[in-house]
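Architecture at a glance
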Amino acid sequence: MSKKTYSQAINEALRQEMRRDPNVIIIGEDVAGGHGASGETGGVGGVFGLTHGLFTEFGPERVLDTPISESAIIGAASGAAVTGMRPVAEIMFVDFVGVCFDQIYNQAAKFRYMFGGKAKTPMVIRTAIGAGLRGGAQHSQTLHPLFTMVPGLKVVMPASPYDAKGLLINAIREDDPVIFMESKLLYGMEGEVPDEAYRIPFGEANIVREGKDLTFVAFGAMVPRALAVANTLAADGISVEVIDPRTTSPLDEDSILDSVAKTGRLVVIDESPPRCSLAADVASMVADKGFGSLKAPIGKVTCPHTPVPFAPNLEDEFMPNPRRIEEAARKAMAWAR
Amino acid sequence: MQLSRDDLKRAYRSMVTIRTFEERVTKEFAQGNIPGFAHVYIGQEAAGVGVCFDLTDEDYIGSTHRGHGHCIAKGCDVQGMMLEIMGKQGGLCGGKGGSMHIADMSKGMLGANAIVGGSPPIAVGAALTQKLKKTGKVAVAFSGDGASNQGTTFEALNMAVVLGVPAIFAFENNGYGEHTAASYAVGAPSIAERAKSFGMPAEVVDGSDFFAVHQAMGRALERGRAGEGPYALEIVCSRFLGHFIGDPQGYRLPEELIQARANDPLPRFRTGVTEAGLLENADLDAIEKQVADEVEEAVQLAMAAPRPDIKTLETDVYVRY
Ligand SMILES: Cc1ncc(C[n+]2csc(CCOP(=O)(O)OP(=O)(O)O)c2C)c(N)n1
Ligand SMILES: [Mg+2]
């Protein structure tokens, strides 16, 4: 066990899995970097540095730099996956999946079912998500609802260094396509991470904080935000339970329902526009299966129904921020029934 | 086509404006006055200016993430650009777009574009409008060498030929897509050869030479305006700085960067026109001084400007929830 950042945890998971299984390969843009250039080859390791050092250790046959061709990256990863490799493909920013979505949702996601269970597609698509870095409308989206609604995909949103490592190792060992969504805002987050390999199974929520008055469900970068607000509310005597489902598909419905059965109040914090969001999805699930436990309407803190704005003040207001989370919590608490 | 003294001054002014603007963007970024990330156009000025020089406000361009130079070359307001890049009220997109999304429909500027390969298909559509409305105008898609490998670009090249639209594909080959060399990522012998194989005329141009770019663009434009179909230019140039501001560039040797600077399009233009007796050094110095003042003023005003009104977060959408 030692302190590592979220980025280091991901890098370590990749390295350990590549050492363990020669079929694990990495494919993407600048995952090594410097090919054909006058200086160093392999020194970049991805624009966020997540694959740093892997080219040096594993070489050009296992760490493959590609042209800027997302459709071919994802198509090649799925084709390699159904024929015996375990590719980890990188789509630098999730926004770029627009270019290659067919290869994800019509191809990779459907092979297993459509071919009557005869195909396995063990691949991971790692991608950076989320607003807050002033990246503008095409570099700041989260898009997890888009993947979550596609049967055949598993969708992971790690919210801590510990989870990032264990979930990525699990993703690589899965036989289905996994969308591994890395929160850019968390890349520098530090936490205790075991040095050895370990798996965190999908569909098991993490109860980040126990409480009895109100349940927060949050995803990815919204988890630490929700936790911070929960700690603020504790000072006012409001006891908040914070649940991080860790995977949006499969979704650990039981943990959410158990918590709401205890607290009777739910606020979902989700960095996505409101319609068809995970907030809407979780709210509908609880309304359906946990109606009897509810003492207040379900609160949803999401982004507005707009693209991500560039100006810092607009972006800060766009994201679920502490003020809006706290308002939703107090509204749920004030509801008398 | 012979360029007049005024034309030459306009060309130099445009290139110097880009250089000065981008140097200032680099500085303001380093000081934390520009949010997000920014990709500057330093070294490629002759490409953008050469391509846009004879375009009117009714001709369109689609740009890239490295779009400031294209905006300036197409006549976007420098003040409005600086406000936009700093995320301030009064920016060309009201502060909602930022560096990678500057657009100005009144100038035929269809937007910088943060999706590599985003512009070529859009330019095909803008060119289709010109064909259907018989305007005699054209649409230009700026793309990098990296973008030339994107499927959207291949589809756009082919469709421009099939539909016979006046689209001009201006590929700026600056040798790199991010940190990967074009020599590695472009499988074909050249981007121009690739464009030709789609069925359109294409040529390789020296992108450090304003005159070479301008003349090649003249040929593309003649074909487009006559309704004869698309054209491609592979404009060979260099990126003097990193991919984004702050890129440490370990993948490039210092000698390479020195060599790139030796072919700087600005001094090259200056030497060319003064040695030919077309302009005096004093003319060019005066332009540099004017531009420096203009950019300084744009920065001062942008620094002092307020952030966008928070209410604009939910404007420009057709529904609220
Ligand atoms: C679809 C997509 N993939 C990847 C990126 C990340 N990216 C931004 S710029 C860039 C390199 C583009 O290279 P090139 O087209 O040569 O333009 P240059 O930066 O040299 O101007 C990449 C890979 C992106 N913005 N969009
Ligand atoms: Mg390039």
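The rules behind the values
- Within each chain, residue numbers correspond to sequence positions counted from 1 in written order.
- Each chain takes a letter, starting from A, and each ligand takes a number, starting from 1, following the order in which they are written.
- Local features in this predicted model are restricted to residues whose pLDDT is 70 or higher, and side-chain atom pairs enter the listing and the counts only when it is 80 or higher, whereas totals over whole chains, interfaces and linings include all residues.
- Only hydrogens and water are set aside when side-chain values are computed; all heavy atoms of the structure are taken into account.
- The pairing criterion for strands is at least two bridges between them, as found by DSSP.
- Under the scheme used here, helices are H or I runs from DSSP no shorter than 4 residues and strands are E runs no shorter than 2 residues, and both carry numbers assigned from the N terminus.
- Note on definitions: angles span 0 to 180 degrees between N-to-C directions of axes, and those axes are lines fitted to C-alpha atoms, for helices only across the stretch in contact.
- It only takes one pair of heavy atoms within 4.5 Å for two residues to be counted as in contact.
- The domain boundaries here were taken from an automatic or database domain assignment.
- When a carboxyl oxygen of Asp or Glu lies within 4 Å of a side-chain nitrogen of Lys or Arg, that pair is called a salt bridge.
- The rule for a residue being near a molecule or strand is that one of its heavy atoms must lie within 4 Å of it.
- Within 3.5 Å is the distance limit for a polar contact, defined as a pair of N or O atoms, with the added protein rule that one can donate a hydrogen and the other accept it, and that residues adjacent in sequence qualify only through two side-chain atoms.
- Per-residue and other accessible areas were derived by the Shrake-Rupley procedure at a 1.4 Å probe size, with only the shown protein chains allowed to occlude residues.
- Three residue categories are used. Nonpolar comprises Ala, Val, Leu, Ile, Met, Phe, Trp, Tyr, Cys and Pro, charged comprises Asp, Glu, Lys and Arg, and polar comprises the others, including Gly.

Structural notes on the sheet that holds strand S3 (residues 167-173) of chain B
Residue and element names in this part refer to chain B. In spatial order, the strands read S1-S2-S3-S7-S6; together these five strands make up an open sheet with parallel pairing. The sheet is open, and its two edges are formed by strand S1 (60-62) and strand S6 (202-206), each paired on a single side. When strand polarity is set aside, the average angle formed by the axes of neighbouring strands in this sheet is 20°. Of the strand pairs in this sheet, S1 and strand S2 (residues 139-144) are connected by three bridges, and their pairing is parallel. Looking across to S2, one finds that Tyr60 is bridged to Ala139. Sitting on the sheet, helix H5 (residues 119-132) touches S1, S2 and S3, and the angle it makes with S2 is about 170°.

Focus on the domain arrangement of chain A
How large an interface is tends to be reported as the accessible area lost when its parts come together. Residue and element names in this part refer to chain A. Looking at the assigned domains, one finds that chain A contains domain 1 (2-193) and domain 2 (206-334). Relative placement of domain 1 and domain 2: their C-alpha centres are 27 Å apart. Contacts between the two partners involve 26 residues from domain 1, matched on the other side by 26 residues from domain 2. Across the domain 1-domain 2 interface, the total number found is three salt bridges. Where Glu315 meets Arg134, a salt bridge forms, and the shortest distance between an N and an O atom there is 2.8 Å. Contributions of two or more residues to the side of domain 1 that touches domain 2 are made by helix H6 (144-148), strand S6 (154-156) and helix H7 (161-173).

Here's the deal with the site of ligand 1
Around ligand 1, 22 residues are found, and the nearest of them are Glu70 of chain A together with His65, Arg66, Ala114 and Gly146 of chain B. Residues close to ligand 1 are split across chains A and B. A distance of 2.8 Å separates an oxygen atom of ligand 1 from a polar atom in the side chain of Arg66 of chain B. Between an oxygen atom of ligand 1 and a side-chain N or O atom of Asn174 of chain B, the distance comes to 2.8 Å. Taken by itself ligand 1 offers 580 Å² of open surface, and the protein chains cover 97% of this. Split into classes, the residues belonging to the shell around ligand 1 amount to nine nonpolar, eight polar and five charged.

Remarks on the pattern of salt bridges
Residues and elements named next belong to chain A. All told, the structure shown has 45 salt bridges over all chains when counted by the stated rule. For Glu17, the salt bridge goes to Arg20, with nearest N and O atoms at 2.7 Å. Remark: Arg20 and Glu17 occur in helix H1 (residues 6-20); sequence separation between them is three residues, near one turn of the helix. A salt bridge links Asp175 to Lys120; the shortest N-O distance between them is 3.9 Å. Linking Asp175 in the loop between H7 and strand S7 (178-183) with Lys120 in the loop between helix H5 (111-114) and strand S5 (124-129), this pair joins segments that are 55 residues apart in sequence.

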